[in-house]
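# Structural overview
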Amino acid sequence: MNAQSPIPSPEPVLPPRRPLNWTAKVRDLGVLVAAIGIGVAFALIAPGFLSTYNLLNLLRQTAELGIIAMAMTVLIVSGEFDLSVGATYAVTGVVAGLLFQVAGINIWLAGCGGLSAALFLGFLNGLLVTSARMNSFIATLATMMVFRGLAMVLSQGQPLSSFPDLAFFEVVGRAKLFGSIPVPILWLAVWGFLLYVLLHRTTYGVTVFATGDNREAANLAGIRTDRVKRLNFLLTALAAGVAGLISMGYLKTVTPTQGTGLELEAIAAAVIGGTSMRGGVGSVGGAFLGALIMAEIRTGLVLMGTNAYLQDACVGLIIAIAVILNMRISASRGT
Amino acid sequence: MTPPPLLRLRALGKSFGRVIALRAVSLELDRGRIYGLAGENGAGKSTLVRILCGAHGGDFEGQIELDGRPFAPRNPAEAEAAGIGVFHQEIPICPNLSVAANVFLGPRMGGTSVFPRWPAIEARCRQLFRSLLDHEIDPGRLLGDCGAAERQLTLLVRALSRQARLIILDEPTTALAPGDVARLFVALRRLRDQGISLLFISHLLPELMELTDEIYILRDGRLVDHLQRQVYDARHLASQIAGKPLDETATSRQVPATIPRLEVRRLGCKGRFQDLSFQVMPGEILGVTGLQGSGRSDLARALFAAPPADSGTILVQGAETRWLRPRDAMAAGIGFVPDDRNTLGLFDDLDIQRNLGLCQLKSLATSGWLHRGRLRELAESLQRRLQIKMAHPAAPITSLSGGNQQKVLIARWLATKPLLLVMSEPTRGVDVGAKEEIGKLILRLADEGLAFILCSSDLDELLRLADRILVLHAGRFTAEFRRGTATRADLIHASAGANRLPGSVTIP
């Protein structure tokens, strides 16, 4: 009954062997090359760009955006967006500040209170998108305005400042490790490591990719895609909360308008880092590099003494170039 | 006592409202055999498959027994747990994940742990491909980078790694190149020899006859025949699928021999069709048929430059054309009525007269100012000419029946005084009476000199209307029939890629 065998020999049908996930590797490498190239260019033009002080400052400035952008990447990979992170960032600071100054609660507990508020807001976003079946763009556009309003109402539109000198502010945002490295860089590294492991090394990460890649297939494989998305909304909200606390620690000030536009910068960083807006493609490392490139351009242009209004235009240009390059890389892969 | 068959259907039935999709179908599937399921579109094949894979939520008449026990899957997960794996035409894969990840995709990734050990998973994947299919694969490759055949083998392995005992394949070969089909068949026979049952659904008679051990034939929701491999006969199968040979009531028409309205020379579109050449005379109705994926609808679209073909020439009234977009084709006098009225043809939020005047806006306006009086006149004259039943030209388009909506689409083009009308599925989704009426309309317009190209899967319609029928298979013409020389069975046979039958004319 084996008349139809022998099978056509397997050798000729084997595809030419490529390194694993060739496209992803090329894309990450490309972003890295771009980040280095832009750095070198600025170093040549603007003396002082390569100084240790400036580089550390650059990383410190990347910290808040980077933390949010990496979480945003995980969410976008699963096929959703969160436009409310900037507002959540403000709510976290306002809640923590009020709990400390008005309610007189211990500053550490107040910080935890701020994070809990952020998580609750992320939970609401997840609910709107998965249970109410709203498009995440619309849902989080709405909650962005609601959350921002919440921050304004709670603080009566006034900034909170004149916090006393406490260990909390040092640990969260002001201290310098080994006398020179600002502590936000440590938090950026820790958060980046955790998210890298989560997205690229765990089974949960695979389910995130599958959810964004083909939701139908993921459902058929027994993955609870709604749950994946809800968890990822919690993750972006947590990232916004952490970044909000870092800002509070560093500046010792909280304003209800802080973080306006942060959500778009985070999405931009993710996109520069090679994340596909359609879901299913992206990397945590790429998002970090994307955030770094944006900070590089801003600092570089400042050091060059360019008009401040030109900065946004340049960042916009970089986004457009990055997306075009990404599409070229994707299109060049075999079928 | 002999063990019960793997799967037994007893008087299985299913209806959607007043439409009966499946009537009292009883059949048995045994272990380790390949069964074919044949029938035309709408014969009930997909309904049967959807019941078996739980997509109809257990809502059907009759009984299903699996291993002699009652079985009524309410969702795809239940069917899968019971050992039924289904391949749909649309393959659910994650193209940006590796082969191995797709095989073991799930909340636990094949039960490894929180941190999947990729080398072990990939080794297991490679091992499964070897033992089940005797196929070497690179498990780390992204599935999106693999060919269509690899994707299907991956899904096969995925189903088998979940202990599937019956695998249902719904038109699995439509996306495959011939060499890949051979490899898939080798794999399927291997699985049969390991005791797995397969239900293979295909339009293609040669494939059914080559692969299967038994064939069940459905027609109009009924099981009409059950054949064993020993008695397979292409003619018999084709006529059983088509039903009784229909008497040809075709009227004979005279087509003048002058300069062709449209001439197509060696038209090609990469991956869709190649080397198509034909002519259409004024007043001629040319039918083009073929199975899904044969290039039938792609050809229709290419004739309207939406998108244009990559190679070859199109001549209108003997003059060569170069079309880049539908606008160019319109300017040359071509009209196009798409197959999907609602998504590609009509504008639901515009009223009837605006839907009618849409291709004609320039002549209805002076420097951008739309004359509502002229629009209304146009609508009323078209209404009289085509007998469109409507309350008022300003009524919503959605108030019309399907047949009258189709007339609106034809009328839209008539307003531009075209030379040739390309229609894709001219009467899909309209009721029988309206079908008749639209057919008469097409014949009348052809008598007035308008040329037609009807790309259709409705064979009766083509046999009734077309002066000539070209049959496409895998992007090439396999046969040409003049009016009155073809039967349904001939067309089915030629669509399936079978060699030319007596009565057909060879295409040069």
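For clarity, every value in this text was computed on a predicted model and none was experimentally measured.

### Section: the overall build of chain A
- Regarding its fold elements, chain A presents 13 helices and two strands.
- Against the 2.2 N^0.38 benchmark of 20 Å for 335 residues, chain A shows a C-alpha radius of gyration of 22 Å, consistent with a compact globule.
- Overall, chain A is about 85 × 50 × 35 Å in size when its C-alpha atoms are taken along their principal axes.
- Per-residue burial for chain A yields a buried fraction of 48% across its 335 residues.
- Considering only residue pairs separated by 6 or more positions, chain A has 77% of its internal contacts joining residues 24 or more positions apart.

### Focus on the packing of helix α2 (residues 52-77) of chain A against helix α12 (residues 284-303) of chain A
Residues and elements named next belong to chain A.
- Contact geometry of α2 with α12 gives a least axis separation of 8 Å together with a crossing angle of 140°. Compared by their axis directions, α2 and α12 come out oblique. As for the relative orientation of α2 and α12, their crossing is right-handed in sense. Each of Asn 54, Leu 58, Gln 61, Thr 62, Leu 65, Gly 66, Ala 69, Met 70 and Thr 73 in α2 lies in contact with α12, whose residues at this interface are Val 284, Ala 287, Phe 288, Gly 290, Ala 291, Leu 292, Ala 295, Glu 296 and Thr 299.
- Split by residue class, the contact of α2 with α12 holds ten nonpolar, seven polar and one charged.

### Brief notes about unusual backbone geometry
Residues and elements named next belong to chain B.
- A cis amide bond, omega 0°, links Ala 306 with the succeeding residue Pro 307.
- Tracing the backbone shows Pro 307 in the loop between α9 (296-302) and β14 (311-316).
- Non-glycine residue Ala 24 carries a positive phi angle of around 40°.
- Of note, Ala 24 is situated in strand β2 (residues 19-29).
- Positive phi outside glycine occurs at Glu 425, with the angle close to 45°.
- With respect to the helices and strands, Glu 425 occurs in the loop between β19 (420-424) and α15 (432-447).

### Some thoughts on the confidence of the model for chain B
Residues and elements named next belong to chain B.
- Looking at chain B, the pLDDT average stands at 83 and 93% of residues meet or exceed 70.
- No element of chain B has a lower mean pLDDT than helix α8 (residues 234-242), which averages 78, and none a higher one than strand β20 (residues 451-455), which averages 93.
- Predicted confidence for residues 246-250 stays below pLDDT 50, and this span has nine contacts to residues more than four positions away or in other chains.
- Low confidence marks residues 500-508, where pLDDT is under 50. Its contacts with residues over four positions away, or in another chain, come to 17 contacts.
- Scored as a whole, the predicted complex attains pTM 0.73, and scored at its interfaces, ipTM 0.76.

### Regarding the pairing of strand β9 (residues 214-219) of chain B
All names here are of chain B.
- Bridge count for strand β3 (residues 34-38) against β9 is four bridges, and the pairing is parallel. Its bridge partner being in β9, Leu 37 is matched across the sheet by Tyr 216.
- In this sheet, strand β10 (residues 222-228) lies alongside β9 in antiparallel orientation, the contact comprising six bridges. When the sheet's bridge partners are listed, Glu 214 is paired in β10 with Gln 228.
- Here β9 hands over to β10 after two residues, with Asp 220 in that stretch at a positive phi of 50°.

### Details of the packing of helix α6 (residues 167-174) of chain A against helix α10 (residues 225-251) of chain A
Residue and element names in this part refer to chain A.
- It is at 7 Å that the axes of α6 and α10 come closest, and there the two elements cross at 115°. Between α6 and α10 lies a crossing of left-handed hand. Contacts between α6 and α10 pair Phe 168, Phe 169, Val 172, Gly 173 and Arg 174 from the former with Leu 245, Ile 246, Gly 249 and Tyr 250 from the latter.
- Each residue belonging to the contact of α6 with α10 can be placed in one class, and the counts come to six nonpolar, two polar and one charged.

### A look at the environment of Met 152 of chain A
Residues and elements named next belong to chain A.
- Relative to the helices and strands, Met 152 resides in helix α5 (residues 136-155).
- Owing to 17 C-beta atoms within 10 Å, Met 152 belongs among the partly exposed residues under this scheme.
- Residues within four places of Met 152 in sequence aside, it is in contact with Gly 157 and Pro 256.

### So, the domain arrangement of chain B
All names here are of chain B.
- Considered domain by domain, chain B is made up of domain 1 (7-242), domain 2 (260-283 + 306-333 + 419-429 + 441-508) and domain 3 (350-417).
- The distance between the C-alpha centroids of domain 2 and domain 3 comes to 28 Å.
- Between domain 2 and domain 3, the contact holds five residues from the first and seven residues from the second.
- Among the residues forming the side of domain 2 that touches domain 3, the class breakdown is three nonpolar, two polar and no charged.

### A word on α10 of chain A
All names here are of chain A.
- For α10, which comprises 27 residues, the first-to-last C-alpha distance of 39 Å matches the rise-based estimate of 39 Å (1.5 Å per residue) to within 8%.
- Counting buried positions along α10 gives 22 out of 27 residues, so the element sits mostly inside the fold.
- Once α10 ends, the next one or two residues include Lys 252, with phi positive near 55°.

### Focus: α2 of chain A
- The largest bend along α2 of chain A measures about 45° and falls at Ala 63 of chain A.
- With its phi angle positive at about 95°, Gly 79 of chain A sits one or two positions after the end of α2 of chain A.

Cut-offs used in this document
Residues numbered from 1 in each chain as written. Chains lettered and ligands numbered in written order. Predicted model: local features only at pLDDT ≥ 70, side-chain atom pairs only at ≥ 80, totals over all residues. Helix = DSSP H or I, 4+ residues; strand = E, 2+ residues; numbered from the N terminus. Rg over C-alpha atoms; globule rule 2.2 N^0.38 Å. Buried ≥ 20, exposed ≤ 12 C-beta atoms within 10 Å, placed from the backbone. Contact = placed C-beta atoms within 7 Å. Axes fitted to C-alpha atoms, helices over the stretch in contact; angles between N-to-C directions. Parallel < 35°, antiparallel > 145°, perpendicular 65-115°, else oblique. Left-handed = near helix turned anticlockwise from the far one by under 90°. Nonpolar A, V, L, I, M, F, W, Y, C, P; charged D, E, K, R; others polar. pLDDT = per-residue confidence, 0-100. Pairing = 2+ DSSP bridges. Domains from an automatic or database assignment. Expected span 1.5 Å × (residues − 1). Bend = angle between axes of the 7 residues up to and from the residue.

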